[in-house]
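Chain by chain, the residues:
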Amino acid sequence: MKRIYSIIVENQAGVLSRIANLFSARGYNIESLSVAPINEEGLSRMTIVTEGNEQVLEQIGKQLNKLIDVIKVIQFGEEPFVEREMALIKMHTDMNTRAEVLRIVDIFRGKVVDVSHDSYTIEVTGDSDKIDAILSLLEPLGIKELARTGKVAMIREKKR
Amino acid sequence: MKLTGAEIFIESLKKEGVEYLFGIPGGAIIDLHDALYRQDDIKFILTRHEQAAVHMADGYARATGKPGVVLVTSGPGATNTITGLATAYMDSVPIIVFTGQVPTPLIGNDAFQEADIVGMSRSCTKYNFLVKDVNELATTIKKAFHIATTGRPGPVLIDFPKDVQVAKAEFKYPETIHIRGYNPTYHGNPKQIRKVVKAIASAKKPLLYVGGGAIISGAHEEIYKLAKKLQIPVFTTLMGIGAFPEDDELSLGMAGMHGTYRANMAIQYCDLLISIGARFDDRVTGKVSDFAPYAKIVHIDIDPTSISKNIKVDYPLVGDAKLVLQEMLPLFDQYSSVDWKEVRKPWLEQIEKWKNEHKLAYDMQTDEIKPQYVIEKLAKLTRDEDPIISTEVGQHQMWVAQFYTFKKPRRLLTSGGLGTMGYGFPAGIGAKFGFEDKPVYVIAGDGSFQMNEQELATIVAYNKAVKTIILNNGYLGMVRQWQQLFYGRRYANTNIEVQPDFVKLAESYGLKARRIRKKEEVEDALRELVAYKGPYLLDVIIAREENVYPMVPAGASLNNMLLT
């Protein structure tokens, strides 16, 4: 079972290492991890995607909460939430493929952010399924390089 | 007035009421030693190895309940503390370790005696700090003591660069501290407490499972009241020994791998297991899937991560053991019309039967000295003096747990979680610093003792009347026992007959020492040891291949005990 944890942490040296260490020392796997400061001074948000059975996931949540540098742990599951990921994809292109690549990018509402004689660099944003989908279409056309941010997520506000 | 970092360090420790620092000086910490030299409030205890310094602080902390403090230098001084930190971390002992560090501009440059101790100690400390700015020093020390001593206690390390020791700042020690990501839960959830009370009152075969957390929180009186009031039998873990008087009729002794027959059987047949400050360690549970198969489980613990980690718990209750029990006890008043002795009769009779079926025993008909006999004799001779017993790790540790009858908390110092050989001797020394007038006995194996025997110098230097008994079988005995029972008697690398003459060794440091080989010498030698006013070492040559029984083989279920 996959789970996304969004963790608000003190923005200070060693925090990333403490969290990474928690996962490695206890044999939990990190599938993706993203971290950046949030609007509140001195705090960062980490989004971690991990996998495990119910007992393992419960332990991970508790262990994260136990860390002194962790202010808040949000587990995404029951409540509706938005998740997004961004990918930069550098494509080999030639006369035969340029048009097709552009069509795919257009369908996925991506953007070409850099162009050279034989390449496009594409930016695409969406949930992870969408990123996986565009990648599977671009793959046969020649992906040169790929960078994904990993997921970030937020609980949806309640609609009135 | 501005003070140097070194002076702030000393003033802060005074505010925390620190009496002793254990450690060894070095280049990166010399400024602190210079500041220590110029004051009389805090005494520095010079050890012969940094690992031993941490164990001393640990022994001091376990015996007194106050935090133990260590001061060592950078690099090797710091790395030598790792085993001590890991030992304290596993057993939730409040210690604060200060390590010297190279000056901040040199950090990361592979400078002389530089080690990334903050990185290395991260997984064996509750928290750690690198102080980069002298203005943050006092607050950091306050935080360290707060974190080490509250919630589930544990070791905290402060890395203290040399330039910060000499830099100056205004000294202002914070009265209180708030750490926003650190808010341990002390009080139990009232609704959950009521559920647990109901479960306990309606159980037919309840059983109390008491761990080290009960001792840390000082819950022994409440546990006694609960057990007596509702007539619930009690077993402890190794770490919980002393939380319930072992001479009480409701005491089943210790459970687990080398636990008593009655305690292990009670676990397997109880219908409600009430765990207080224990963590379902594999040495207690044996095969997890067969553990307490008929029982609902109550788990009271201050650390939420301990709950449902190994065993699925039916009634989790997060909080401080003492406070939760205080909140719980009055709720049993509603059952005041119940005659609990009558209700419990069948269960207690069953336990009595188990008790008589297989008592802890050993062969008493030999000339050789049986180690169990030594422990029993010592227990008798010291019955009235309420001593502290510190052990190393191995067979002798289990014999102490089985045959020394403990009646009070904080009287047994032993490395339970990490199982650190070399712990007991320095820990006993540390306890002696905490209690000048309390007798301290260290019970060691010949293997363990050699792992920190250099501290003989420390007890002589400070004239600490620590009494050491080496149960000497010339083997790494516990491993040899496994080899005998599970590895076809192939004693690979467990024979340590080549060893110092412990009597001469002790004498060379200036201790009084004696060796005995025969059973009839035991009583006389122990009397001499107990009466002697000063450090003393007794080398007891014991039956070489004596085993610890009962024994639940690793990974087997608790009712599969080897009994002889």
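Residues numbered from 1 in each chain as written. Chains lettered and ligands numbered in written order. Predicted model: local features only at pLDDT ≥ 70, side-chain atom pairs only at ≥ 80, totals over all residues. Heavy atoms only, no water.

**Focus on the domain arrangement of chain B**
Residue and element names in this part refer to chain B.
Part 1 of the argument: What the domain assignment reports for chain B is domain 1 (2-170), domain 2 (190-357) and domain 3 (371-541).
Part 2 of the argument: The gap between the C-alpha centroids of domain 1 and domain 3 is 29 Å.
Part 3 of the argument: Contacts between the two partners involve 25 residues from domain 1 and, on the opposite side, 27 residues from domain 3.
Part 4 of the argument: Buried area between domain 1 and domain 3, summed over both chains or domains, comes out near 2,000 Å², and the portion from carbon and sulfur atoms is 64%.
Part 5 of the argument: There are zero salt bridges connecting domain 1 and domain 3.
Part 6 of the argument: Elements supplying a minimum of two residues to the side of domain 1 that touches domain 3: strand S2 (20-23), strand S3 (43-46), helix H3 (50-64) and helix H5 (82-90).
Part 7 of the argument: The dominant element in the side of domain 1 that touches domain 3, judged by the number of residues it contributes, is H3, at eleven residues. (Domains from an automatic or database assignment. Contact = heavy atoms within 4.5 Å. Buried area = accessible area lost by both parts, 1.4 Å probe. Salt bridge = Lys/Arg side-chain N within 4 Å of Asp/Glu carboxyl O. Helix = DSSP H or I, 4+ residues; strand = E, 2+ residues; numbered from the N terminus.)

**Considerations on the pattern of salt bridges**
Residue and element names in this part refer to chain B.
Part 1 of the argument: Scanning the model with the defined rule gives 44 salt bridges over all chains in all.
Part 2 of the argument: Between Lys287 and Asp290 there is a salt bridge; the shortest N-O distance is 3.8 Å.
Part 3 of the argument: Looking at Lys287, the relative accessible area reads 37%, which means it is partly exposed.
Part 4 of the argument: When its relative accessible area of 28% is taken as the criterion, Asp290 is described as partly exposed.
Part 5 of the argument: Via salt bridges that share partners, Asp386, Lys408, Arg411 and Lys438 belong to a single interconnected network. (Buried < 20%, exposed > 50% of the residue type's maximum accessible area, 1.4 Å probe, protein only.)

**Quick notes on the environment of Ala6 of chain B**
All names here are of chain B.
Part 1 of the argument: Among the structural elements, Ala6 can be located in helix H1 (residues 5-15).
Part 2 of the argument: For Ala6, a relative accessible area of 4% gives the class buried.
Part 3 of the argument: C-alpha separation for the pair Ala6 and Ile30, spaced 24 residues apart in sequence, amounts to 9.6 Å.
Part 4 of the argument: Every residue in contact with Ala6, bar those within four places of it in the chain, is listed here: Asp31, Leu32, Ala35 and Gln165.

**Details of the sheet that holds strand S9 (residues 206-210) of chain B**
All names here are of chain B.
Part 1 of the argument: Spatially, S11-S10-S9-S12-S13-S14 is the arrangement adopted by the six strands of the open sheet, whose pairing is parallel. Two strands bound the open sheet, and with one partner strand each, they are strand S11 (251-254) and strand S14 (315-318). Neighbouring strand axes in the sheet, compared pairwise and without regard to direction, differ in orientation by 15 degrees on average.
Part 2 of the argument: Sheet analysis places strand S12 (residues 272-276) next to strand S13 (residues 296-301), joined by five bridges and oriented parallel. Residue pairing in the sheet places Leu272 in a bridge with Lys296 of S13.
Part 3 of the argument: Taken strand by strand, helix H9 (residues 190-202) contacts S12, S13 and S14, and its axis lies near 135 degrees from that of S14. (Pairing = 2+ DSSP bridges. Axes fitted to C-alpha atoms, helices over the stretch in contact; angles between N-to-C directions.)

**Digging into the side chain of Ser32 of chain A**
Part 1 of the argument: With respect to the helices and strands, the residue Ser32 of chain A is situated in strand S2 (residues 29-37).
Part 2 of the argument: Ignoring sequence-local partners within four residues, the contact set of Ser32 of chain A consists of Thr47, Ile48, Val49, Gly150 and Lys151 of chain A.

**Structural notes on the sheet that holds strand S18 (residues 466-472) of chain B**
Residue and element names in this part refer to chain B.
Part 1 of the argument: Taken together, the six strands give an open sheet; going across it, the order is S16-S15-S17-S18-S20-S19, and neighbouring strands pair in parallel fashion. Single-partner strands in this sheet number two, and they are strand S16 (412-413) and strand S19 (512-516).
Part 2 of the argument: Relative to strand S20 (residues 536-541), S19 runs parallel, the two being bridged by five bridges. If you follow Arg515 over to S20, its bridge partner there is Asp539.

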